[in-house]
Structures are given as C-alpha cells and as structure tokens.
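# Breakdown of the fold
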Protein chains: 2
Amino acid sequence: MQHRLDDIDRKILALLQQDGRMSLADLADKVGLSPSPCLRRVRIMEKAGIISRYVAVLSQQSVGLPVSVFISIKLESQREDALNKFGKAIARWPEVLECYLMTGPRDYLLRVVVADLAAYEQFLKQKLTRLDGIASIESSFALEQVKYTNVLPI
Amino acid sequence: MQHRLDDIDRKILALLQQDGRMSLADLADKVGLSPSPCLRRVRIMEKAGIISRYVAVLSQQSVGLPVSVFISIKLESQREDALNKFGKAIARWPEVLECYLMTGPRDYLLRVVVADLAAYEQFLKQKLTRLDGIASIESSFALEQVKYTNVLPI
DNA sequence: ATTGAAATTCTTTGGAT
DNA sequence: ATCCAAAGAATTTCAAT
C-alpha cells in the first residue's frame with residue numbers, strides 16, 4: 001500500500017488535482033515525459049489508491065444549495081459499535097457531505113448542505129434527531145465559503 | 001447566472017459528480033441523449049459556472065497527510081476589512097483546504113491537512129499565530145474521516 | 001434543441017532502446 | 001523505465017431537421 005512518490009509523480013498529482021481532465025499529452029508535456037510513461041505512472045497511482053477518483057465539482061450556489069451547516073454531535077456512548085452504527089447512518093444521507101469522528105468533547109462533526117433554513121430544519125427533524133443515542137447537537141452556519149479545495153499540499 | 005436545470009441536466013450533474021471522466025458516449029447513453037446535445041448541455045453548465053471544475057481526488061492517507069484538524073478562530077474585530085484581510089491570508093496557505101466564515105461566537109472555521117502533530121505545530125507557530133487580530137484559536141482533531149464527498153444532493 | 005456522420009484529437013498498446 | 005509510432009477510441013463540429 002505504501003508507494004514511494006518521486007518528483008514527477010508529485011507533479012502529476014498536483015496537476016491532476018487542479019485539472020482532472022487535462023489531456024495526457026499536456027500532462028506528459030508539463031512533467032517532461034512522453035505520453036506512455038506518463039500514463040503508466042497515472043495508472044499505477046490509480047491502482048494504488050493514491051488517486052481515488054475523478055469528479056466534477058459543482059457550485060453550491062448555482063445548484064441552489066448555498067447553505068453549509070456544521071453540526072457537532074455528542075453521543076451518549078462512545079462504545080465502538082455505537083460509533084459505527086451512527087457513522088453508517090450518517091453516511092447514507094446525501095445532505096451530509098463530510099463527517100468526521102473527532103477528539104474532544106464532541107464525537108462527530110458534520111458538514112451538511114441544504115437549500116435554506118427550512119430544509120435544514122427538515123433534515124434535523126426528519127433525520128438526525130430520529131437517531132438513537134444522541135446526547136447533544138450543536139449547529140453553526142457558514143456565512144461564506146472563503147476557501148474550498150481538494151488540492152492536498154503534497 | 002440563474003439557470004433552470006431540467007431532469008436531464010440534473011442527471012448529467014449527478015453522473016459527472018461521481019465520475020468526472022465518464023466518456024461522453026456513456027454519459028449521453030445514460031441520460032438518453034446522443035453525444036452532441038449531451039455535450040452541448042455540459043458546455044453550457046460549465047460556462048454558467050454550475051460545473052466549477054474537474055479534479056482528481058487523492059487519498060490523504062496515501063500521500064502521507066492523514067491528519068485533518070478543525071480550527072475555530074475568533075478575531076478581535078469583525079469589521080469587514082479585518083475579515084477580508086484574514087480570509088485572504090488564510091486562502092494562500094496550502095494546508096488550509098476549507099475555510100468558512102461562520103455565525104456564532106467563532107468567526108472562522110478551517111480544515112487544515114497535515115502529516116502529523118509536529119507539522120500541525122509548525123503550521124500554528126509559523127503561520128497562523130503570526131497573523132494579527134486573532135483573539136482565540138481552538139483546535140479539534142479528526143480521528144477518522146467517516147464520509148467525504150463532493151456529491152451535492154441536487 | 002436534437003440528430004447523425006465526418007473530421008479531428010486523444011488515449012492506449014506494443015516493439016525497441 | 002522510457003520512447004516512438006501505429007491502432008483504436010473518444011471528442012467535437014456541422015449541415016440538416
């Protein structure tokens with residue numbers, strides 16, 4: 001699973017993180033290879049799971065889902081099965097874009113994306129609060145997305 | 001800037017969010033169009049900014065950056081120029097993948113990605129705490145990324 | 001707005017270094 | 001491990017509906 005990345009690999013990753021549809025010819029050119037070894041490297045990194053997937057990133061605004069809500073959740077029990085059960089339930093809901101198990105007083109941190117406050121209320125009432133084992137919920141709203149990138153500082 | 005999406009558009013977006021490299025032939029087939037009108041729709045949504053970009057998503061683990069830290073920051077002043085200045089400084093640092101201006105007692109919420117605790121300490125000491133105007137900082141660590149997706153529930 | 005086919009460009013394979 | 005060149009796919013354009 002461990003794979004030693006050299007400078008060319010890192011350059012390929014940096015470029016593909018910025019433009020996942022860059023043509024192989026361009027990519028090869030920019031890293032100083034010809035297309036076939038460049039493709040070879042890309043395929044190796046895909047198979048190794050270094051490149052997980054290629055996706056289109058949409059604008060939340062443009063599709064009518066401008067609101068990000070961060071929800072901190074404390075469970076009644078931190079036993080592993082309780083945590084796992086909760087995690088699985090959460091992961092099924094499409095409104096939840098990110099979910100982290102956290103250190104500190106709160107167990108989970110979620111980023112939930114909705115159209116407006118009414119939709120958020122619906123999510124809370126019809127989904128989140130119907131789960132068993134929640135001790136407390138705390139919500140904060142994002143007024144502005146100042147930065148949002150997938151680019152890892154490799 | 002407003003663009004009315006029909007069912008086919010939404011289907012295209014759903015598919016491209018899951019696989020940004022799906023071939024046009026496949027995509028067209030799955031939404032019940034021939035390639036050219038399908039491409040037309042994609043191009044329109046790209047130009048309208050609905051599709052912001054195409055990217056490769058990497059595994060944090062595999063590239064040696066397994067740690068996500070959420071940092072809540074309160075500023076001394078919430079004046080617009082103070083907020084903007086802070087936002088711009090934050091956005092420049094590659095360790096910061098996400099940054100939100102928030103409601104409530106904390107002004108900013110950041111997701112910072114690092115290799116380990118030592119790298120986090122470096123980030124704090126050499127970057128974040130050197131900014132003027134910070135009243136307080138609070139960090140929580142993600143033990144596990146339970147869900148992380150770009151797929152918006154359109 | 002969509003079709004279907006032609007033209008172009010890109011990806012992918014394989015033999016040679 | 002990389003290069004070059006040929007083969008195979010895919011994207012993109014355009015005249016017609």
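Below or above, wherever it landed, is the structure these notes cover. What you see is a predicted model; the values in this text were computed from it and never measured. (Residues numbered from 1 in each chain as written. Chains lettered and ligands numbered in written order. Predicted model: local features only at pLDDT ≥ 70, side-chain atom pairs only at ≥ 80, totals over all residues. Heavy atoms only, no water.)

## Regarding helix α5 (residues 117-126) of chain B
Residue and element names in this part refer to chain B. Condition: Note on exposure labels: buried denotes an accessible area under 20% of the residue type's maximum, exposed denotes more than 50%, and partly exposed covers the range between, all computed with a 1.4 Å probe on protein chains only. Runs of H or I in DSSP of at least four residues are treated as helices and runs of E of at least two as strands, each being numbered from the N terminus. The directions from the helix axis to the C-beta atoms form the arc being described. Contact definition: two residues touch when any of their heavy atoms are within 4.5 Å. In protein, a polar contact means a hydrogen-donor-capable atom and an acceptor-capable atom, both N or O and within 3.5 Å, with residues adjacent in sequence counting only if both atoms are side-chain atoms; elsewhere, any N or O pair within 3.5 Å suffices.
For α5, the set of buried residues is Y120, F123 and L124. An end-on view of α5 places all buried positions within 95° of arc, on one side of the element. Contact partners of the buried residues in α5: β2 (67-75), β3 (96-102), β4 (108-114) and β5 (134-148). N-cap assignment for α5: the residue whose side-chain oxygen lies 3.2 Å from the backbone N of A118 is D116.

## Some thoughts on the protein's contact with DNA strand D
Rule in force here: Near is defined per residue: the residue qualifies when any heavy atom it owns lies within 4 Å of the molecule or strand. Residue type decides the class: Asp, Glu, Lys and Arg count as charged, Ala, Val, Leu, Ile, Met, Phe, Trp, Tyr, Cys and Pro as nonpolar, and the leftover types, Gly among them, as polar.
Within the structure, DNA strand D sits among A:L33, A:S34, A:S36, A:P37, A:R40, A:R41, B:S23, B:L24, B:A25, B:S36, B:L39 and B:R43. Here the atoms of DNA strand D within 4 Å of the protein split so that 63% fall in sugar or phosphate, with bases taking the remainder. For DNA strand D, a base nitrogen lies 2.3 Å from a polar atom in the side chain of A:S36. Between DNA strand D and the protein, one listed contact pairs a phosphate oxygen with a backbone N or O atom of B:A25 at 3.4 Å. Contributions of two or more residues to the surface near DNA strand D are made by α3 (35-47) of chain A together with α2 (24-31) and α3 (35-47) of chain B. Sort the elements by how many residues they give to the surface near DNA strand D and α3(A) lands first, with four residues. For the surface near DNA strand D, the per-class residue count stands at five nonpolar, four polar and three charged.

## Things to note about the interface of chain B and chain A
For clarity, the cut-off: Summed over both partners, the accessible area lost on bringing two parts together, with a 1.4 Å probe, is the buried area. What counts as a salt bridge is simple: a side-chain nitrogen of Lys or Arg found within 4 Å of a carboxyl oxygen of Asp or Glu. In short, DSSP must find at least two bridges between two strands for them to pair.
Each partner contributes to the interface: chain B provides 61 residues, whereas chain A provides 61 residues. When the two sides are added together, the surface that chain B and chain A hide from each other amounts to roughly 5900 Å², 60% of it contributed by carbon and sulfur. Counting across the chain B and chain A interface gives two salt bridges. Our count for the chain B to chain A interface comes out at 41 residue pairs in polar contact (both at pLDDT 80 or more). Broken down by secondary-structure element, the contributors of at least two residues to the side of chain B that touches chain A are α1 (7-18), β1 (51-58), β2, α4 (80-92), β3, β4 and β5 of chain B. Looking at the side of chain B that touches chain A residue by residue, the class counts come to 37 nonpolar, 15 polar and nine charged. One ladder, built from five bridges, connects strand β3 (residues 96-102) of chain A with β5(B); its direction is antiparallel. Bridged to A:E98 within β5(B) is B:Y148.

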